Amino acid sequence: MEKKAFKDGISLSRLGMGNMRLPIGTGGDKDIDYAKAQEIIDYGMSHGINYYDTAYVYHEGESERFVGKALSKYDRDSYYIATKFSSGASRDYKKMFEEQLEKLGTDHVDFYLLHAVMNSNVDFYLTSGCIEYFLEQKEKGRIKYFGFSSHADPDQLERIANHHQWDFAQIQVNYFDWKYSTTQEEYKILKDRNIPIVVMEPVRGGKLATLSPEAAAILKEAHPDWSIASWALRFVRSLDQVQVILSGMSNMEQIEDNVATFDDETPLSEADQEVLFKALDVFHNQLVVPCTACRYCTPDCPMNINIPEWLNVYNKYKTDGPWEIKGMLEHIESEGKPADCIGCGSCVGHCPQNIQTPEIMQELAKVLEQ
């Protein structure tokens with residue numbers, strides 16, 4: 001397992017294990033299958049993974065308890081635990097921290113983070129006193145390294161990054177968001193401040209583990225022995241500010257493939273990157289509809305559906321998932337909704353891109369209903 005020097009003479013495995021998507025039983029997300037999950041942890045430990053990430057809210061509060069128990073069989077100096085204070089779960093940061101130590105069965109947390117800094121909560125994190133409290137815990141040795149994870153816009157990320165010299169930060173980095181989101185700007189903000197980066201969602205919640213058949217074929221032609229997911233991991237590993245790359249591994253097949261990727265230290269060449277982004281373009285074009293908002297489709301819609309706006313929502317749903325479109329819905333100016341579409345096809349006849357809007361409206365109506 002490839003390792004990278006961090007601070008104070010310690011080195012961290014380039015692959016870290018996220019404990020948010022552990023195998024579960026029939027009782028829902030909190031019903032962690034301890035036997036199967038322990039097998040994954042044991043494989044990671046035996047193959048050099050020494051960074052284990054969890055959080056107060058993962059698996060409905062049971063992830064920390066599992067991680068503490070699963071790692072208790074190993075020397076405490078042979079691994080590093082990362083967990084987080086979640087303001088969304090409780091704003092009593094002192095009580096939560098004590099509870100986390102108890103659940104983890106440890107007297108210190110190696111890497112402690114403010115969880116999910118967003119535009120909506122950044123002011124709380126900056127003004128509540130929690131940062132100062134956790135810095136005090138660091139002085140006492142109960143926290144070794146203090147950082148934050150961010151889903152905020154670049155301007156808000158910059159606000160929290162400027163608070164003090166953080167030990168590390170965690171952001172979402174993958175080749176899809178590198179091109180189609182603000183990831184490059186976020187990466188630069190942290191790099192300019194010399195803040196080591198722990199990466200979450202390198203395979204974008206699994207979306208970059210399969211791709212479309214046409215996009216996957218491009219990658220397989222270049223490197224037949226590489227898995228599709230490994231391309232995503234290799235890209236993130238090529239970024240010099242990246243310290244650890246987290247993967248939420250749910251089964252043995254995933255961890256075996258990921259460990260094999262990080263056992264091979266072959267860098268992603270410039271030619272490989274060209275191939276990767278060529279495949280990404282194919283995948284992206286197949287994933288979303290090419291609406292240019294020309295609005296030729298709207299005047300004759302009998303249900304007064306603002307089609308370009310709803311197609312924008314559809315594209316966001318296809319690339320980011322249903323949970324990401326909630327904030328968009330309250331801002332849509334449209335008398336008609338996708339469920340109102342009668343499938344007349346007038347929009348298709350007027351569309352220069354030949355977008356099959358009635359089919360999309362039908363799909364989107366089902367998503368919104370759910």
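Up top is the structure.
Definitions and cut-offs
- Residues numbered from 1 in each chain as written.
- Predicted model: local features only at pLDDT ≥ 70, side-chain atom pairs only at ≥ 80, totals over all residues.
- Heavy atoms only, no water.
- Helix = DSSP H or I, 4+ residues; strand = E, 2+ residues; numbered from the N terminus.
- Rg over C-alpha atoms; globule rule 2.2 N^0.38 Å.
- Buried < 20%, exposed > 50% of the residue type's maximum accessible area, 1.4 Å probe, protein only.
- Contact = heavy atoms within 4.5 Å.
- Areas by Shrake-Rupley, 256 points an atom, 1.4 Å probe, with all protein chains shown as cover.
- Pairing = 2+ DSSP bridges.
- Axes fitted to C-alpha atoms, helices over the stretch in contact; angles between N-to-C directions.
- Disulfide = S-S within 2.5 Å.
- Parallel < 35°, antiparallel > 145°, perpendicular 65-115°, else oblique.
- Nonpolar A, V, L, I, M, F, W, Y, C, P; charged D, E, K, R; others polar.
- 1 Å grid on protein atoms, 1.4 Å probe; cavity = no way out; pocket = protein on both sides within 12 Å on 5 of 7 lines; lining within 4 Å.
- Points joined across faces, edges and corners; volume = space filled by probe spheres on them.

Draft legend 1. Representation of the overall build of the protein chain. Helix and strand content of the protein chain: 16 helices and 10 strands. Against the compact-globule benchmark of 21 Å for 370 residues, the protein chain has a radius of gyration of 22 Å, which places it among compact chains. With the C-alpha coordinates aligned to their principal axes, the bounding extent of the protein chain is approximately 70 × 50 × 45 Å. Within the protein chain, the proportion of its 370 residues that are buried is 52%. Long-range contacts, defined as pairs at least 24 residues apart, comprise 74% of the intrachain contacts of the protein chain with a sequence gap of at least 6. When the accessible surface of the protein chain is summed, it comes to about 16,900 Å², and 47% of that surface belongs to carbon and sulfur atoms.

Draft legend 2. Molecular detail of the sheet that holds strand β9 (residues 197-200). An order of β3-β4-β5-β6-β7-β8-β9-β10 is seen for the 8 strands of this closed barrel, with the pairing classed as parallel. Neighbour-to-neighbour, the strand axes of this sheet turn through a mean angle of 30°, independent of strand direction. Looking at chain direction, strand β3 (residues 15-18) and strand β4 (residues 51-53) are connected through 2 bridges and run parallel. Looking at β4, one finds that G18 is bridged to D53. Relative to the sheet, helix α6 (residues 154-161) contacts β6 (109-117) and β7 (143-150), its axis offset from that of β7 by approximately 160°.

Draft legend 3. Structural detail: the state of the cysteines. Under the definition given, this model contains 0 disulfides. Here C347 stays free of any disulfide, with the sulfur of C344 as its closest cysteine sulfur at 6.0 Å.

Draft legend 4. Representation of the packing of helix α2 (residues 63-71) against helix α3 (residues 93-104) in the model. In contact at an axis separation of 7 Å, α2 and α3 are set at 40° when each is read in the N-to-C sense. The orientation of α2 with respect to α3, classified from their angle, is oblique. Side by side, α2 and α3 meet where E64, R65, V67 and G68 of the first sit next to Q100, E102, K103 and L104 of the second. Taken together, the residues of the contact of α2 with α3 break down into 2 nonpolar, 2 polar and 4 charged.

Draft legend 5. Broad picture of empty space enclosed by the protein. The final tally for this structure, using the stated rule, is 2 cavities of 30 Å³ or more. Reported here for the largest cavity is a volume of approximately 120 Å³. In this structure, the largest cavity is lined by 16 residues; those nearest its centre are C291, C294, C297, C351 and I355. Among the elements that line the lining of the largest cavity, the one with the most residues is helix α13 (residues 307-320), at 3 residues. Class assignment of the residues belonging to the lining of the largest cavity gives a composition of 11 nonpolar, 4 polar and 1 charged.

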